[in-house]
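Chain by chain, the residues run as shown.
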Amino acid sequence: MGELRAYAALFGGRLRSATAYRASFAVELVTNAAGTAIDVATVFVFYRTAAVVGGFTLDEALLMTGITAFAFVLADLTVGNIDQLETYVRTGRLDAVLVRPLAVLPQLVLADLPLRKLMRLAVGLSVLGVALARNDIDWTAGRVLLLVTAPISGAVLFGAIFVLSAATAFWWVDSGKLGHGFTYGGRDFTSYPITVYGSWFRTLFAYGLGFGFVSYQPALTLLGRADPLGLPAWAGYLSPLVALAAVGVAAVVWRSGVRHYRSTGS
Amino acid sequence: MIEMRDLSKTFTVRVKAGRLRREKRTIAAVDGVSLSIGRGEMVGYIGPNGAGKSTTLKMLTGVLTPTSGEVSVCGLRPVPQRTALALRIGVVFGQRSQLWWDLPLRDSFRLLRAVYRVPAAEHEARLRRCCELLDLDGFLDIPVRQLSLGQRMRGELTAALLHGPEVLFLDEPTIGLDVVSKQAVRSFLGELGRTGDVTLVLTTHDLADIERLCHRLVVIDHGRVVHDGTIEQLHARYGSRRRLVADLDSPLPPGFVLPGATMTGTEADGHRVTFTLESITAGAAVAALVTAAQVRDLSVVEPDIEDVVARLYTDGRSAEGRSAEG
């Protein structure tokens with residue numbers, strides 16, 4: 001209880017810090033939304049040039065894009081700035097975080113909350129909304145549930161990948177943008193039906209790293225389509241399990257990373 | 001309050017060895033330190049750069065995981081029980097701020113009250129006391145980024161004390177401060193120590209901090225404790241050299257040698273000479289001098305701690321040099 005209040009206070013502190021420079025915050029908010037709009041436009045442009053994408057109609061493929069967009073924006077808004085860990089490790093600023101009576105990860109997440117990406121939430125939601133409207137979905141209780149769990153599980157999976165790739169900084173300080181291949185790369189991978197990818201690459205990303213369960217499998221189940229790649233219909237409901245497994249791995253790696261922290265001379 | 005037994009921390013670093021090859025090398029930053037610090041003690045922890053002071057402090061506060069050995073603070077093991085320990089200790093790392101850069105100082109204190117879950121009345125009382133002793137009132141409403149270093153350090157000290165810690169760790173609390181701010185910080189810490197409720201461990205390069213504040217001095221070099229005791233004991237043990245300064249009517253005859261002492265300075269064309277006394281008493285030195293020249297004035301200068309410590313460091317270096325050769 002006390003801890004929750006502490007985290008709430010940190011959130012409040014972050015809000016006030018962000019708005020300390022009011023004008024620049026407003027500008028960032030707008031430019032960021034514009035940037036996201038361009039991202040989405042890219043997807044539409046891509047779909048405009050092709051009639052069928054990997055065996056799916058444009059509207060079906062758009063549903064996958066929508067789930068991914070919403071899931072990713074949820075993750076990006078919360079833990080998207082965790083890659084700042086690299087700076088904390090390199091400069092030794094993590095010392096100050098470690099001497100506080102709170103867990104390290106939530107402190108970092110709250111200290112660097114990317115509030116200026118807030119408008120992306122609206123963009124992500126609207127892509128999903130458009131996709132749902134353009135597909136004729138036979139709504140059952142299971143599918144309604146799936147519509148809620150799929151983006152959330154996807155967000156958790158993306159979040160775990162964000163944390164995992166940031167945690168490499170504990171061992172390898174100049175890990176740089178290496179992790180982006182898995183975070184932003186993962187988003188781009190799941191924005192399209194995975195049938196468009198070559199087979200070993202697809203196996204690695206879709207099943208090895210679990211990205212196939214972010215939007216592809218849930219979208220198939222929502223649409224009531226059989227998987228051309230052969231997984232049964234209930235595979236669409238597996239995303240929470242995949243997300244949990246990713247969280248487990250991320251937690252283990254993060255913990256061992258914190259123990260590995262070397263600090264810097266002062 | 002604080003127990004360390006055989007505490008060690010080694011780092012592996014990769015060093016260049018040839019154009020592409022890199023060699024792994026293990027460096028012991030802290031090498032088998034055993035210390036016991038009781039409640040209410042004020043301990044100064046000094047050593048040259050890279051001696052392992054900060055590394056020790058970071059193992060005591062749960063920031064770094066020891067490579068081997070045991071450590072306990074307030075009866076807790078710092079790394080596994082980090083958050084429980086954090087509630088009971090205060091930490092000031094001179095170079096790592098605990099304050100919110102963009103917010104007024106007052107807001108940082110309010111946030112820390114929530115972080116440490118301090119009852120409002122206690123928080124108020126402590127804050128009022130710190131404001132009084134450290135004279136914070138003038139800049140409580142200024143964003144931290146606009147504070148001077150001295151003001152910020154006073155803020156950091158307050159931030160570390162608002163939850164009423166049992167142990168206060170200070171890593172170079174006076175580094176970079178001007179004389180006035182140094183004085184303010186020192187007298188505040190002295191005041192804090194006199195109450196006897198807080199155990200204080202501080203690392204510093206400024207020996208005046210130690211002379212003013214600490215009864216106990218731990219000197220560390222190359223990760224090992226080379227001295228643990230009072231300042232007086234340090235002088236006694238390292239035979240701190242006193243100096244004899246003599247004003248003469250005429251310079252000493254050429255080739256004059258004072259057995260057991262070294263001439264370490266001449267001024268005013270030889271009218272003032274300084275001898276560092278090694279194995280000769282001041283009395284014998286004076287007796288030898290008056291037979292050689294007309295002495296007008298004499299003074300014996302007590303060693304100051306800076307010299308002692310500087311010698312301690314260089315001794316350690318040369319000892320290492322010898323062992324490397326042998």
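Residues numbered from 1 in each chain as written. Chains lettered and ligands numbered in written order. Predicted model: local features only at pLDDT ≥ 70, side-chain atom pairs only at ≥ 80, totals over all residues.

## Brief notes about the overall build of chain B
Move 1: Looking only at helices and strands, chain B has 10 helices and 13 strands in total.
Move 2: C-alpha extents for chain B along the principal axes are approximately 75 × 55 × 40 Å.
Move 3: Relative to its 326 residues, chain B shows a buried fraction of 36%. (Helix = DSSP H or I, 4+ residues; strand = E, 2+ residues; numbered from the N terminus. Buried ≥ 20, exposed ≤ 12 C-beta atoms within 10 Å, placed from the backbone.)

## Points about the packing of helix H3 (residues 58–79) of chain A against helix H8 (residues 141–167) of chain A
Residues and elements named next belong to chain A.
Move 1: Running from N to C, H3 and H8 point in directions that differ by 45 degrees, and their axes come no closer than 8 Å. Here H3 lies oblique to H8, going by the angle between them. When the axes of H3 and H8 are compared, the crossing they make is right-handed. Every residue of H8 that contacts H3 at Ile67, Thr68, Phe70, Ala71, Phe72, Leu74, Ala75, Thr78 and Val79 is listed here: Ala150, Pro151, Gly154, Ala155, Phe158, Gly159, Phe162 and Val163. (Axes fitted to C-alpha atoms, helices over the stretch in contact; angles between N-to-C directions. Parallel < 35°, antiparallel > 145°, perpendicular 65-115°, else oblique. Left-handed = near helix turned anticlockwise from the far one by under 90°. Contact = placed C-beta atoms within 7 Å.)

## Considerations on the environment of Val252 of chain A
Residues and elements named next belong to chain A.
Move 1: Inspection of the secondary structure puts Val252 in helix H12 (residues 239–260).
Move 2: Judged by the 12 C-beta atoms lying within 10 Å of it, Val252 falls in the exposed class.
Move 3: For Val252 and Phe205, which are 47 residues apart along the polypeptide, the C-alpha to C-alpha distance reads 21 Å.

## Digging into the sheet that holds strand S2 (residues 22–37) of chain B
Residues and elements named next belong to chain B.
Move 1: The three strands are arranged S2-S1-S4 in an open sheet whose pairing can be described as antiparallel. Each of the sheet's edge strands pairs with one partner strand only, and the pair in question is S2 and strand S4 (68–73). Neighbour-to-neighbour, the strand axes of the sheet open up by a mean angle of 30 degrees, direction not taken into account.
Move 2: Two strands pair when backbone bridges link them, and strand S1 (residues 2–16) and S2 are joined in this way by 13 bridges, in the antiparallel orientation. (Pairing = 2+ DSSP bridges.)

## Comments concerning the domain arrangement of chain B
Move 1: What the domain assignment lists for chain B is domain 1 (2–236) and domain 2 (241–301).
Move 2: Put simply, the middle of domain 1 of chain B and the middle of domain 2 of chain B, counted by C-alpha atoms, are 44 Å apart. (Domains from an automatic or database assignment.)

## Remarks on the sheet that holds strand S8 (residues 216–221) of chain B
Residues and elements named next belong to chain B.
Move 1: One open sheet accounts for six strands, arranged S5-S6-S7-S3-S8-S9; its pairing is mixed. Strands at the two margins of the open sheet, each flanked by one partner only, are strand S5 (89–93) and strand S9 (224–229). Here the strands of the sheet are splayed against their neighbours by 15 degrees on average, with no regard to which way each runs.
Move 2: In this sheet, strand S7 (residues 199–203) lies alongside strand S3 (residues 42–46) in parallel orientation, the contact comprising four bridges. Pairing of Gly44 across the sheet is with Leu202, part of S7.
Move 3: Sitting on the sheet, helix H5 (residues 149–161) is in contact with S5 and strand S6 (167–171), with an inclination near 160 degrees to S5.

## Quick look at helix H7 (residues 119–134) of chain A
Residue and element names in this part refer to chain A.
Move 1: Between its first and last C-alpha atoms H7 spans 23 Å; for 16 residues at 1.5 Å apiece the expected length is 22 Å, and the two agree.
Move 2: Listed as buried for H7 are Arg120, Val123, Gly124, Val127, Leu128 and Ala131. Buried residues in H7, looked at end-on, bunch into an arc of 130 degrees, giving them a common side. Projecting away from the buried face of H7 at angles above 90 degrees are the exposed residues Ala122, Gly129 and Ala133.
Move 3: Considering only its buried residues, H7 is in contact with helix H2 (22–49) and H3. (Expected span 1.5 Å × (residues − 1). Arc of directions from axis to C-beta.)

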